[in-house]
Amino acid sequence: MNITETIDKLRHLTQINRQANWLATSEEIDINHINVDNLELITANDKGYLTWEAGSHLKWLVQKFVIPEDLKGYPLQGLSLRLSLVWWAEIAQIFVNGKLVQEGDLFDSLARVLLTNSSQPGQEFLVCLRLVSPSHDIGALMKSQLIYESDHNSIDPGFVADEIAVLFNYLSNFEPDKLDFVEETVNKIDWNYVHNRNKFNDELNQVREQLQPLSNEIKQRNFNVVGHAHLDMAWLWTVDETWEVAERTFRSVINLQQEFNDLTFCHTTPVLYEWIENNRPELFKQIQASYQAGTWEILGGMWVEPEVNLVSGESIVRQLLYGQKYIKEKFGRITEIAWLPDSFGFCLQLPQIFTQSGINYFVTGKLHWNSTVKFPHGAFWWQSLDGTQLLTVMSPPNVEGVMTTHPITMTNYSVKWEQQTGLKEILWIPGVGDHGGGPTRDMVEVNQRWQQSPFFPKVDFTTAKSYLDKVNNIVENGLDMPIWDDELYLDLHRGYYTSHADQKYYNRRSEELLYEAELWSCLAAIIEGKGIDNEVKSNIKLAWKKVLFNQFHDILPGTAIKDVFVQANEEWKAVQSIGNTLLKSALEKIISYIQVPAITGIEGKSIIIFNSLNWERSQIVEIENNYEVYDLEGKQLITQVSHDNKLLFLADKIPSIGYRMFWLGYKKAKKEEAKILQQNETILDNEYLKVRINKTTGNIDNIYDKINDQEILRGEGNQLQSFKDKGQYWDAWNIDPNYNNYPLPDTELKTIETLETGPLRWKVRVSRKLGQSDFTQDYILQKNSAILQIKTQVNWQETYVLVKTTFPFNLTAEYTSYEIPFGTIQRTNFPKTPYEKAKWEVPALRWADLTDKNKNYGVSLLNDCKYGYDSQSDRLRLTLLKSPRWPDPTCDIGYHEFTYAIYPHQGSWQEAKTVQKARELNIPLQAIIPNNKINNQGILPPIFSGLNVKSDNLIVSAFKPAEAVNNNYILRCYECEGKSANLEIASDLNLRLGPAVNLLEEKTNDDNQIQPWKIMTFEIT
């Protein structure tokens, strides 16, 4: 016999497949009164799976097991007996002789049920499985196997078979010349003794002794084992259930550690620990004790395990700032390991952000999910835009649904790991995950048994930190490590950039609102001459933590059940309430300090226009139509009455992070009424652009750049293209890779009307029907702007439909530039490698840009809450809506409002200041008409800049209270154009740069010379 035949023959002495013997019914049964005559034999499919229909359908499976005298002659008496099961069901209940012995679900989907510790021939076990199929998928029982085992201090044929299989695996891959000796040795087994257990085991031990010299090389390898329990904060369950699961998981681990004192366990997510601390204080103290003993490890450093492609750079900073701060306060020191096992891809600036937050290592396993392109590295230096490198390790894949300590699974992985990385140190993280659970008693006991085997690598319970320190030491001692200088793109989930548009809208609005609220609250406190109020400070943190929680990687992506979003939206609304209250209060305080000059001959009141961005800007402002508008010299400004009877004026030259006062005079004449225009022309025409809207389709016929004499479109722009998008298992997560093959009918134009024709704003409204959905879009062009805005309202009523807006351009761009957190990434438009071709839908933040280098001309596509894009060399498309039906069958049905814009420009996106233009679209000017009387005693001038950053390639991402208990403030900015800068600030408040700090606000030795793409943070005094 060859080696594999011997292995199989040995396994058949203690293991038997029972998939073919289940009786089934779809009716409920009384577990204590089972009539087998009402049950039918269920047959397996070609994979050997027992399946039934999707949609939460019930299936009972019943089978009686009777212990025989022997299997293939090998005596079974006295051996333990386990039933090994693997299922795919949202509810799983296992009954043995009428007693419920174990439960599971989609995530706890594997069990080794102990039927008896000591088998006796003739013993009977009636096993009943009550299984409920997932709501979105068929149910299945994939495995049912009886396994007889000796106690863990002795051997049995199945155990020896696995030992030989492990040896065979290592030798086949690393020392194949020794396989002949193995085959010759195992063929010495005398099968005539199989009926005598002791003698046959002696035979097996003799073979083991002869093979043992070959095991020395295996023992050079080491499994570094740490228990783990990935726990989604919300997914197919609500947050309230998560707290219960966390408590149950943590108690289970603590109890196991009391029995197995070398068991180590790791977990992320400070918000979970905070809940345990506040609600289960005695359990929290046990966790702290386990941490101090070195058997509990806190990983991640982030408030939750967030989505990191769709959030702002500042949001990622706050995840780490608040997460690391909590860990240090409660456990004594921060974690050095960023741990995101389940987020859906990773933006390119993470190595820099992590490193500046005390992180030395990053671990994820999600790229094992890639559908078409295998990620090439297991351990590598991940390099961000600024050159920061972070040691990054792929955690082992979960190939069985649950990460067990099965020796064959472990060694199959370790061989691939060693071939890929050259490392003989292997990480293994057993435990039930997604819905919590952690390591089980059986996992620990199996692990202990294999620790004793000479044919298995060394096994140590350890910590992830100890393991990664080992890897780092090996690298420092000469192991060559590849460098990856790109994003970590997940080649599978691309629909989540778009699903549940409400989450994307609230996220963007909340990020921008908290930036403004925090900024002006700090400036108000400085103006008042006192430290920021503690209540204000705590409200800022409270609002930020609500945002951070909702950025969890199944909430913000829109990939959870309906009830999760009901709860999330309440939290988003709370953020809006807190943020708006803080912002209103801060601006009112500042206004109370402004000295209002008298404007001779004009009766009226002041209006203050605030600019939250760190450059001077101008914008059309809209107020009630009761006034005439004057500048501070008394010059009357041009105004326009909008179609909905608002008064428009150009707020010109509003200072950086500052304000400018204008004067509102009361109208003496009858107020001008809006005119509804009746005209045939659908043209928008200002000093920069001339735009013609097609009166038949509602699309854009032309966008002519007057300044540069360029027609930017090569076909109709803003075509709303819809596609059937159905058949994906991960419905809300994915887009059908072949969606372009399933176009749906064009939109039908319902109405088109010209609403405004200048002199300050031009507006054409188009209403269209797409399937059962209504799109109303306002094309808007403003004076002093080369940006065409498209303000959109949708009543979305589609199912399994994807809709994009498309813009074909008269240019050819080698690559498309996209905004990412704290930076920009270039993705090729001429993909050659499978990896490049996999990026047919990509994430980005506020903008994407196509620039033709030969023409020195480009076009940027801006937006205020969308994240999914695709591009070709001459076309940009923005994904607007998607309508999956799982996990939330109501996803995105209803009303949506969003804006996107086209910005043609001479030169590169850097020269055109696309970053700034996109931020202006997202953070409009604030116009406030004070209610109080004129203040002649104010200390602030009518034109004011609280903070001006002199380099125009630096973007302020935060001006915040310092976390330390003092009256200092923190300024954070990042270099946005890929060129160096010198940070110098000017301020009408005499603010000064203090020392540089990292993202945890700890002092560094950096100066104010900022390298390309660098994030820099300073104290402000």
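Residues numbered from 1 in each chain as written. Predicted model: local features only at pLDDT ≥ 70, side-chain atom pairs only at ≥ 80, totals over all residues. Heavy atoms only, no water.

In the annotation of an unreviewed UniProt entry, the entry for the protein reads Glycoside hydrolase family 38 central domain-containing protein, and the organism field reads Crocosphaera chwakensis CCY0110.

Asks: Describe the overall build of the protein, listing the residues and the values that go with them.
Replies: For the protein, the helix and strand inventory stands at 18 helices and 58 strands. Against the compact-globule benchmark of 31 Å for 1021 residues, the protein has a radius of gyration of 33 Å, which places it among compact chains. Expressed along its principal axes, the backbone C-alpha trace of the protein runs to roughly 115 × 60 × 60 Å. For the protein, restricting intrachain contacts to residue pairs at least 6 apart in sequence, the fraction spanning at least 24 positions comes to 76%. Looking at the protein as shown, the accessible area adds up to about 38,700 Å², and 45% of this sits on carbon and sulfur atoms. On the protein, the mean spot of the 100 positive side-chain charges and the mean spot of the 131 negative ones are 5 Å from each other. (Helix = DSSP H or I, 4+ residues; strand = E, 2+ residues; numbered from the N terminus. Rg over C-alpha atoms; globule rule 2.2 N^0.38 Å. Contact = heavy atoms within 4.5 Å. Areas by Shrake-Rupley, 256 points an atom, 1.4 Å probe, with all protein chains shown as cover. Lys, Arg positive; Asp, Glu negative; His and termini not counted. Charge placed at Lys NZ, Arg CZ, Asp CG, Glu CD.)

Asks: Report on the sheet that holds strand β46 (residues 868-872), specifying residues and quantitative values.
Replies: The strand order across the open sheet built from five strands is β35-β40-β47-β46-β43, with neighbouring strands paired in antiparallel fashion. Edge positions in the sheet fall to β35 (719-724) and β43 (842-843), since each of these pairs with one other strand and no more. Of the pairings in the sheet, the one linking β43 to β46 comprises two bridges and is antiparallel in character. Across the sheet, the residue bridging to Val842 is Tyr869, located in β46. (Pairing = 2+ DSSP bridges.)

Asks: Pulling in residues and values, what's your account of the packing of helix α1 (residues 3-11) against helix α2 (residues 157-174)?
Replies: In contact at an axis separation of 8 Å, α1 and α2 are set at 160° when each is read in the N-to-C sense. Taken together, α1 and α2 sit at an angle that is classed as roughly antiparallel. Taken as a pair, α1 and α2 cross one another with a handedness that is left-handed. In this structure, α1 uses Ile3, Thr4, Ile7, Leu10 and Arg11 to contact α2, whose residues at the interface are Pro157, Gly158, Val160, Ala161, Asp162, Ile164, Ala165 and Phe168. Among the residues forming the contact of α1 with α2, the class breakdown is nine nonpolar, two polar and two charged. (Axes fitted to C-alpha atoms, helices over the stretch in contact; angles between N-to-C directions. Parallel < 35°, antiparallel > 145°, perpendicular 65-115°, else oblique. Left-handed = near helix turned anticlockwise from the far one by under 90°. Nonpolar A, V, L, I, M, F, W, Y, C, P; charged D, E, K, R; others polar.)

Asks: Summarise the pairing of strand β11 (residues 110-116); cite the residues concerned and give the values.
Replies: In terms of residue burial, β11 counts as a mostly covered element, since five of its seven residues are buried. Where strand β8 (residues 80-88) lies against β11, six bridges are found, and the strand directions are antiparallel. Its bridge partner lying in β11, Arg82 is registered against Leu114. (Buried < 20%, exposed > 50% of the residue type's maximum accessible area, 1.4 Å probe, protein only.)

Asks: Before we move on, could you go through the pattern of salt bridges and cite the residues and values that matter?
Replies: Per the counting criterion, the structure on display carries 57 salt bridges. Between Lys325 and Glu963 there is a salt bridge; the shortest N-O distance is 3.1 Å. Of this pair, Lys325 sits in helix α8 (residues 313-331) while Glu963 is found in the loop between β52 (954-961) and β53 (969-975), placing the two residues 638 residues apart along the sequence. The exposure class of Lys325 is partly exposed, given its relative accessible area of 26%. (Salt bridge = Lys/Arg side-chain N within 4 Å of Asp/Glu carboxyl O.)

Asks: Summarise the domain arrangement of the protein; cite the residues concerned and give the values.
Replies: Considered domain by domain, the protein is made up of domain 1 (3-219), domain 2 (222-484), domain 3 (502-594), domain 4 (604-610 + 630-673), domain 5 (682-922) and domain 6 (944-1020). Counting residues at the interface gives nine residues for domain 4 and nine residues for domain 5. For the pair domain 4 and domain 5, the two sides together bury roughly 780 Å², of which 62% comes from carbon and sulfur. Looking at the side of domain 4 facing domain 5, the largest losses of area belong to Gln640, His643 and Leu650, adding up to 67% of the total buried there. For the interface between domain 4 and domain 5, the tally reads zero salt bridges. If you look at where domain 4 meets domain 5, you find four residue pairs in polar contact (both at pLDDT 80 or more). Mapped by element, the contributors of at least two residues to the side of domain 4 that touches domain 5 are β28 (639-641) and β29 (646-654). A per-element tally of the side of domain 4 that touches domain 5 places β29 first, with four residues. Of the residues that constitute the side of domain 4 that touches domain 5, the class distribution is four nonpolar, four polar and one charged. (Domains from an automatic or database assignment. Buried area = accessible area lost by both parts, 1.4 Å probe. Polar contact = N/O pair within 3.5 Å; in protein donor to acceptor, adjacent residues only side chain to side chain.)

Asks: Give a description of helix α3 (residues 179-186) that names residues and reports values.
Replies: Regarding α3, the residues found buried are Leu179, Val182, Thr185 and Val186. Taken around the axis of α3, the buried residues stretch over an arc of 125°, which confines them to a single face. In α3, those exposed residues whose orientation departs by more than 90 degrees from the buried face are Asp180 and Glu184. Structurally, α3 contributes buried residues whose contacts are with α1, α2 and α4 (197-211). (Arc of directions from axis to C-beta.)

Asks: I'd like a description of the UniProt feature "domain: Glycoside hydrolase family 38 central" (unreviewed entry) in the protein, backed by residues and values.
Replies: The UniProt record marks residues 491-572 with the feature "domain: Glycoside hydrolase family 38 central" (unreviewed entry), using the residue numbering of this structure. Across residues 491-572 one finds 68% helix and 0% strand; the C-alpha atoms that close the span lie 30 Å apart. (UniProt positions renumbered as here; feature names shortened; annotations may be inferred.)

Asks: Just give me the short version of the packing of aromatic side chains, but keep the residues and values in it.
Replies: Across all of its chains, the model carries 57 aromatic pairs by this definition. Considering the side-chain rings of Phe346 and Phe362, the 5.3 Å spacing of their centres and the 70° angle between planes classify their relative orientation as edge-to-face. With Phe346 in the loop between β18 (337-339) and α9 (350-355) and Phe362 in strand β19 (residues 361-364), this pair connects stretches of sequence that are 16 residues apart. Residues Phe346 and Phe362 agree in their burial class; the two are buried. Grouping aromatic residues by their ring pairs yields a cluster made of Phe107, Trp235, Trp237, Trp369, Tyr729, Trp730, Trp733 and Trp886. Over the face of the ring belonging to Phe174 we find Arg221, whose NZ or CZ atom lies 4.7 Å from the ring centre. Of note, Lys366 hangs over the ring of Trp369, and the distance from its end group to the ring centre comes to 3.3 Å. (Phe/Tyr/Trp six-rings, centres within 6.5 Å; stacked < 30°, edge-to-face > 60°. Lys NZ or Arg CZ within 6 Å of the ring centre and 35° of its normal.)

Asks: So, the nonpolar core: which residues are in play, and what are the values?
Replies: Core analysis: the biggest nonpolar cluster contains 209 residues, and Trp296, Phe354, Trp520, Ile700, Phe809 and Phe959 have the highest contact counts within it. The biggest single contributor to this core is helix α13 (residues 501-528), with 13 residues. (Core = buried A, V, L, I, M, F, W, Y, C linked by side-chain atoms within 4.5 Å.)

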